[in-house]
Amino acid sequence: DIQMTQSPASLSASLGETVTIECLASEDIYSNLAWYQQKPGKSPQLLIYYANSLNDGVPSRFSGSGSGTQYSLKINSLQSEDVSIYFCQQNYDSPFTFGSGTKLEIK
Amino acid sequence: QIQLVQSGPELKKPGESVKISCKASGYTFTDYAMHWVKQAPGKGLKWMGWINTYTGKPTYADDFKGRFVFSLEASASTANLQISNLKNEDTATYFCASDYPRGRVYYFDYWGQGVMVTVSS
């Protein structure tokens, strides 16, 4: 199975700041990497697919990058509504594994 | 409007069984696979497997072989997850997720609202 190591586990930042969340795959996943946002008590929402493609309706302050085994999600100009848990997921090979999540809070 | 509406919360005892449902609307059910994802309380997401909604063939991740069964009521655009011989570690929220509209890409635009299954004696 492909292991997805996500960091940091938690993050606190001020409104307007830029934050970055990292995901490291245990092997090359050829950009088959998605990012989700999950708010408390809700289902995950797809933000980014294929490492850097922004899903419809997702604010442009979200962006994804990376290749090979290393990927990142960047959130520019942090807003209060961005408080959530963020997960990466590899969709290269079954089983389609998720990172352990990053809890983002506002300082 | 695409919707995946899941059944309500369940409280079960160890050893019992549970069947939860996921009703899809807004697209042709049999054109897109349905996946299942487990989230234990305060934990991350774990992909359980998927069912081909055209053929009915299920595929299970290794950790979900044996006590877990994916099934369909295709005429009702509904996918089901049955868990038998429930254990405390099955306590979790179970999500269905469709691969509409992209198909076969194994990331998910549309999710159900989740069903909380609590296993407790």
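In short, a report on the structure. All of these numbers come straight from a predicted model, not from anything done at the bench.

A short note on the state of the cysteines
A disulfide bridge is the covalent bond that connects two cysteines by way of their sulfur atoms.
At step 1: For the structure on display, the rule yields two disulfides over all chains.
At step 2: In this model A:Cys23 forms its disulfide with A:Cys88; the gap between the sulfur atoms is 1.7 Å. With a gap of 65 residues between them, A:Cys23 in strand 3 (residues 19-25) and A:Cys88 in strand 9 (residues 84-90) connect regions that are remote in the sequence.
At step 3: Owing to a relative accessible area of 2%, A:Cys23 belongs among the buried residues under this scheme.
At step 4: Accessibility expressed as a relative area gives 0% for A:Cys88, which makes it buried.
At step 5: Between B:Cys22 and B:Cys96 runs a disulfide, and the two sulfur atoms are separated by 2.0 Å. Across the S-S bond of B:Cys22 and B:Cys96 the torsion is about 75°, and the bridge reads as right-handed. Linking B:Cys22 in strand 3 (residues 18-25) with B:Cys96 in strand 9 (residues 92-98), this pair joins segments that are 74 residues apart in sequence.
At step 6: Note on B:Cys96: relative accessible area 0%, which makes it buried.

Let's talk about the side chain of A:Asn91
At step 1: Structurally, the position occupied by A:Asn91 is in the loop between strand 9 and strand 10 (102-106).
At step 2: Classification of A:Asn91 as buried rests on a relative accessible area of 7%.
At step 3: Here the side chain of A:Asn91 touches A:Leu33 through a polar contact of 3.4 Å, landing on its backbone nitrogen.
At step 4: In this view, A:Asn91 contacts A:Asn32, A:Leu33, A:Ala34, A:Phe96, B:Val105, B:Tyr106 and B:Tyr107; residues no more than four positions away in its chain are not counted.

Let's talk about the interface of chain B and chain A
At step 1: Residue-level contacts link 17 residues of chain B with 16 residues of chain A.
At step 2: Contact between chain B and chain A buries roughly 1,500 Å² in total, counting both sides, with carbon and sulfur atoms accounting for 62%.
At step 3: In terms of surface lost to chain A, no three residues of chain B exceed B:Leu45, B:Trp47 and B:Tyr107, which account for 40% of the buried area on that side.
At step 4: The tally of links between chain B and chain A comes to zero salt bridges.
At step 5: Linking chain B with chain A are eight residue pairs in polar contact (both at pLDDT 80 or more).
At step 6: Taken together, the elements giving at least two residues each to the side of chain B that touches chain A come down to strand 4 (34-39) and strand 5 (45-51) of chain B.
At step 7: Residue contributions to the side of chain B that touches chain A peak at three residues, all from strand 5 of chain B.
At step 8: Taken together, the residues that form the side of chain B that touches chain A break down as ten nonpolar, three polar and four charged.

Considering the sheet that holds strand 3 of chain A
Residue and element names in this part refer to chain A.
At step 1: Sheet architecture is open: four strands sit in the order 1-3-8-7, paired in antiparallel fashion. Whereas interior strands pair on both sides, the edge strands pair on one side only; in this sheet they are strand 1 (4-7) and strand 7 (62-67). Across the sheet, the mean angle separating the axes of adjacent strands is 15° when strand polarity is ignored.
At step 2: Relative to strand 3, strand 1 is paired through four bridges, and the arrangement is antiparallel. Looking at the pairing, Thr5 lines up with Leu24 of strand 3.

Focus: the sheet that holds strand 10 of chain A
All names here are of chain A.
At step 1: Read across the sheet, six strands follow the order 2-10-9-4-5-6 without closing on themselves; strand pairing throughout is mixed. Each having just a single partner strand, strand 2 (10-13) and strand 6 (53-54) make up the two edges of the open sheet.
At step 2: With three bridges connecting them, strand 4 (residues 33-38) and strand 5 (residues 45-49) associate as antiparallel partners. Its bridge partner being in strand 5, Trp35 is matched across the sheet by Ile48.

Calculation notes
Residues numbered from 1 in each chain as written. Chains lettered and ligands numbered in written order. Predicted model: local features only at pLDDT ≥ 70, side-chain atom pairs only at ≥ 80, totals over all residues. Heavy atoms only, no water. Disulfide = S-S within 2.5 Å. Helix = DSSP H or I, 4+ residues; strand = E, 2+ residues; numbered from the N terminus. Buried < 20%, exposed > 50% of the residue type's maximum accessible area, 1.4 Å probe, protein only. Polar contact = N/O pair within 3.5 Å; in protein donor to acceptor, adjacent residues only side chain to side chain. Contact = heavy atoms within 4.5 Å. Buried area = accessible area lost by both parts, 1.4 Å probe. Salt bridge = Lys/Arg side-chain N within 4 Å of Asp/Glu carboxyl O. Nonpolar A, V, L, I, M, F, W, Y, C, P; charged D, E, K, R; others polar. Pairing = 2+ DSSP bridges. Axes fitted to C-alpha atoms, helices over the stretch in contact; angles between N-to-C directions.

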